[in-house]
Amino acid sequence: MKMWLLVSHLVIISFTTCLSEFTWYRRYGHGVSEEDKGFGPIFEEQPINTIYPEESPEGKVSLNCRARASPFPVYKWRMNNGDIDLTSDRYSMVGGNLVINNPDKQKDAGIYYCLASNNYGMVRSTEATLSFGYDLSYRWLLNEFPVFITMDKRRFVSQTNGNLYIANVEASDKGNYSCFVSSPSITKSVFSKFIPLIPLPERTTKPYPADIVVQFKDIYALMGQNVTLECFALGNPVPDIRWRKVLEPMPSTAEISTSGAVLKIFNIQLEDEGTYECEAENNRGKDKHQARIYVQAFPEWVEHINDTEVDIGSDLYWPCVATGKPIPTIRWLKNGYAYHKGELRLYDVTFENAGMYQCIAENTHGAIYANAELKILALAPTFEMNPMKKKILAAKGGRVIIECKPKAAPKPKFSWSKGTEWLVNSSRILIWEDGSLEINNITRNDGGIYTCFAENNRGRANNTGTLVITDPTRIILAPINADITVGENATMQCAASFDPALDLTFIWSFNGYVIDFNKENIHYQRNFMLDSNGELLIRNAQLKHAGRYTCTAQTIVDNSSASADLVVRGPPGPPGGLRIEDIRATSVALTWSRGSDNHSPISKYTIQTKTILSDDWKDAKTDPPIIEGNMEAARAVDLIPWMEYEFRVVATNTLGIGEPSIPSNRIKTDGAAPNVAPSDVGGGGGSNRELTITWVPLSREYHYGNNFGYIVAFKPFDGEEWKKVTVTNPDTGRYVHKDETMRPSTAFQVKVKAFNNKGDGPYSLTAVINSAQDAPSEAPTEVGVKVLSSSEISVHWDHVVEKIVESYQIRYWAAHDKEAAAHRVQVTSQEYSARLENLLPDTQYFVEVRACNSAGCGPPSDMIETFTKKAPPSQPPRIISSIRSGSRYIITWDHVVALSNESTVTGYKVLYRPDGQHDGKLYSTHKHSIEVPIPRDGEYVVEVRAHSDGGDGVVSQVKISGVSTLSPSLLGLLLPALGILVYLDF
């Protein structure tokens, strides 16, 4: 089935109004006077395709039509080629716009167009379709509103048919589903009855291959539209969906949704036409689907008609060409009625041909209109609109053209006179077909009064002008050729003679282009100090300034020019045509063509290289080592095998180093066996029965080929036979050999070499390393625990006798946890104790200690059981007063009573510190009050917290002021009134 994507098109074509000053004939009326400035209708707004949403609350629809005309136009509307009765209550007109009240699908759906007319003619608008319907959007509810299904790789809602698809039903999909349909054009939505979904357990786990159930069809789209293709598959596991355009790259504007089920092509073009494929695949199988997108195009103008005036009796070819797919046909309307098909040619036009014309280009997708007015001119010659110049200047010895262009229709015949003498064509005098008079090789005697006569069958007219002869302009000091070096200055002289009654201007051009002294004042300057002199100064000349300079001395009558060449010598230009040939492992052949030497012979060339490992260009070693300036080929040598290179060539002469050539295409040198050995071979350590060998991997530039890796060789120190293993990871620098028969701390000789697909490289220097030592066999003894608080304990032990110990590991876990979840603390072999922190209060813990080294940990010590203390009090002391007494403050607080699961209060800690600082003086007391000195300056903070075996409790604090802040008498008055400010930290 072919699917057509429809889109509304609005085409507004306006044309410049041609105002006629002359008598002409119209079909719609009699002739007009020369002062008539009227014109026929020109559309400024036309109706467009419209979809009226059914049940729309607006209750009306408007189709627009507006034209510019003089006099104002009269509007009519037609539906399906029948006149609309505008006297009916169902229709009204606002300007030229048609308003349909209470639109009815049965009565009002159809094709509409507007007619605009005045006494100059009538034009017809583009056709517009009025249809009724909705733009629908589908979503699905789960169990209740507004819980909508989220689309992902497993779930998909088709916007083509509204169906919900679930690729692989899971137990979580159980529920009641409802289809929710809404329209963006009206504020209305509906939803279906809820449908229950109960997944079957045996079906949710059974795997099955991908099966495409949502398939897109062949589709026809208009150029510029957005196209959407849907493809979704069922399957377990959930299939992956991939898109491609068969045998062609995907359009640059194509976008694939996150789930992969939707392909959107924005602003589709003709070249996007083709076959598209979606493929769904899981580990059980794959499925494919293909369909074709046909891209066609709405008509578009290549050349259209414009308002035109032609002389009566002449011929007219009015081109009107459009493109589109299918190719549009052309038809014509005149004054709103069918007139012609195809190409329009009018011969021997009369007044009957005047009117409003419309060229219509249409194909199956629509039509476009071009409107224009044709006026037929018929009038006697007149110079009122375009008189001859009263004074014409011409230089002696030169050439002059005196124009004679009266308005006339039909075209008049011309004749000329000088004074009383009639002029005829000669070797010096020529009367052109358009009436202009040309005089060559002018002399002083040619000055005088000239009259042009024009005559046609409507009448005759003449006009007069005076020819004045001036002295010619001549270059008297011409520029001369110059030869300079880059950075130097050059002067181009230029002077001229001219008629003293005229003004003289000098214009300089470079290689045919006029020099703009405002924009190019850095390098170009003019000398305005001398009269009749146009000297040019070129400052800090560059290679680009070499070329031909032309000085033109110009008056309003004539001009004279002279040229000279500037040679700028400098470093050579870039060589061209760089080619790379005969590519080997460490060398390539280069050929190039010589660039410009910029007037100084090239002395040598330099070849430069750049690899993928660096952005810097470096000089390459070459054969021959020195590349003479007359050479155009050489070889770059000592390159790195199997390396990607770019090359460029730079020329040099006595004036400097030139610009480099365009870099070559990137090439890769052939591979070769490695010739560099890995460095820093060593190793040792590791776990029991292991030999660990290490080295520094070779960087990419030393790989020299594909399939790069390492060969590791090792043997016991006194052994005879080397054991070899292959390591294929080019970036690794470590190999671990495991052997249950290997004795601990055994000396081995080891060496490493690199290899690739071209062969092996040299071995490194041989290194001596030891196999891993055994893990300790003894357990620490005399393990003890000291409980410090509700969250800390200290563990201590005696060292083992073995010397291979590198560290001690303390494992501990709460009784309500599994031993596998034990925490670990590692300390050095010199430590005899460790502190365990962040423990849970009032909790039973198990603790054990092990001796460890690089081979592992030994047996555990006897397991120790311990209990942390109860948590410290959770309630802060409530400070009840802060009173000054002499030179001290007395701070008093309520006693803190611990809860049943908290440690008993044994005393209080008081921190006396400056406000804003953390350190201060710490006091301890068993009382409920303390005396602290009055601060000498600023404010201090007094912090009070309860102390117990489980640790310190929550803090209360109070701020007290220093001596310089408040007087004692004022403090005594304020403190009782203000009360006590208490800060609680939790």
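By the naming in an unreviewed UniProt entry, the chain goes by Contactin-1 and is assigned to Felis catus. Comment text from UniProt for the chain, heading Sequence similarities (unreviewed entry), reads "Belongs to the immunoglobulin superfamily. Contactin family." Turning to the chain, the UniProt record has this under Subcellular location (unreviewed entry): "Cell membrane".

Trainee: Can you tell me about the side chain of Asn371, naming the residues and giving the values?
Mentor: Positionally, Asn371 belongs in strand β36 (residues 366-377). Owing to a relative accessible area of 2%, Asn371 belongs among the buried residues under this scheme. A polar contact is formed between the side chain of Asn371 and the side chain of Gln358, at a distance of 3.0 Å.

Trainee: With reference to specific residues and values, describe the UniProt feature "domain: Fibronectin type-III" (unreviewed entry) in the chain.
Mentor: What UniProt calls "domain: Fibronectin type-III" (unreviewed entry) maps, in this numbering, to residues 574-672, 677-774, 779-874 and 875-968. Strand forms 48% of residues 574-672 and helix 0%; the C-alpha atoms that close the span are 34 Å apart. Spanning residues 677-774, this segment combines 0% helix with 47% strand, and its end C-alpha atoms are found 32 Å apart.

Trainee: So what's going on with the pairing of strand β69 (residues 709-716)? Residues and values would help.
Mentor: In terms of burial, β69 is a largely internal element, seven of the eight residues being buried. Of the strand pairs in this sheet, β69 and strand β72 (residues 747-756) are connected by eight bridges, and their pairing is antiparallel. From the neighbouring strand, Gly709 faces β72, where its bridge partner is Phe755. Pairing of β69 with strand β70 (residues 723-727), which is carried by five bridges, proceeds in the antiparallel orientation. Residue Tyr710 lies in a different strand from β70, and its bridge partner there is Val727.

Trainee: Break down the state of the cysteines for me, citing the residues and quoting the values.
Mentor: Taken as a whole and judged by the stated rule, the model has six disulfides. For the chain, numbering the cysteines in disulfides from first to last along the sequence yields the connectivity 1-2, 3-4, 5-6, 7-8, 9-10, 11-12.

Trainee: With reference to specific residues and values, describe the packing of aromatic side chains.
Mentor: Applying the stated criterion to the full structure yields 20 aromatic pairs. An angle of 25 degrees between the planes, with centres 5.7 Å apart, marks the rings of Tyr645 and Phe647 as stacked. For Tyr645, a relative accessible area of 4% corresponds to the buried category. Pairwise contacts between aromatic rings join Trp318, Trp332, Tyr339 and Tyr357 into one cluster. Between Arg345 and the ring centre of Tyr317, over which it is positioned, the NZ or CZ distance is 4.1 Å. When the ring centre of Phe517 is taken as origin, the NZ or CZ atom of Arg526, which lies over that ring, is 5.3 Å away.

Trainee: Describe the environment of Lys389, listing the residues and the values that go with them.
Mentor: Within the secondary structure, Lys389 is located in the loop between β37 (379-382) and β38 (391-395). Since its relative accessible area comes to 63%, Lys389 is described here as exposed. Sequence separation between Lys389 and Gly324 is 65 residues, and the spatial gap between their C-alpha atoms is 50 Å. Setting aside anything within four residues of it in sequence, one finds Lys389 in contact with Thr464, Gly465 and Thr466.

Trainee: Can you tell me about the sheet that holds strand β25 (residues 254-256), naming the residues and giving the values?
Mentor: In any sheet, the strands associate via hydrogen bonds between backbone groups, in a parallel or an antiparallel arrangement. Taking strand neighbours across the sheet as the criterion, the three strands line up as β22-β26-β25 in an open arrangement whose pairing is antiparallel. The outermost strands of the open sheet, each flanked by one partner alone, are β22 (227-230) and β25. When strand polarity is set aside, the average angle formed by the axes of neighbouring strands in this sheet is 15 degrees.

Trainee: Residues and numbers for the sheet that holds strand β58 (residues 588-593), please.
Mentor: Strand order in the open sheet formed by four strands is β57-β58-β63-β61, and the pairing between neighbours is antiparallel. Whereas interior strands pair on both sides, the edge strands pair on one side only; in this sheet they are β57 (576-581) and β61 (621-623). With direction set aside, neighbouring strand axes in the sheet form an average angle of 30 degrees. Bridge count for β61 against strand β63 (residues 633-637) is three bridges, and the pairing is antiparallel. Residue pairing in the sheet places Lys621 in a bridge with Val637 of β63.

Cut-offs and rules
- Residues numbered from 1 in each chain as written.
- Predicted model: local features only at pLDDT ≥ 70, side-chain atom pairs only at ≥ 80, totals over all residues.
- Heavy atoms only, no water.
- UniProt positions renumbered as here; feature names shortened; annotations may be inferred.
- Helix = DSSP H or I, 4+ residues; strand = E, 2+ residues; numbered from the N terminus.
- Buried < 20%, exposed > 50% of the residue type's maximum accessible area, 1.4 Å probe, protein only.
- Polar contact = N/O pair within 3.5 Å; in protein donor to acceptor, adjacent residues only side chain to side chain.
- Pairing = 2+ DSSP bridges.
- Disulfide = S-S within 2.5 Å.
- Phe/Tyr/Trp six-rings, centres within 6.5 Å; stacked < 30°, edge-to-face > 60°.
- Lys NZ or Arg CZ within 6 Å of the ring centre and 35° of its normal.
- Contact = heavy atoms within 4.5 Å.
- Axes fitted to C-alpha atoms, helices over the stretch in contact; angles between N-to-C directions.

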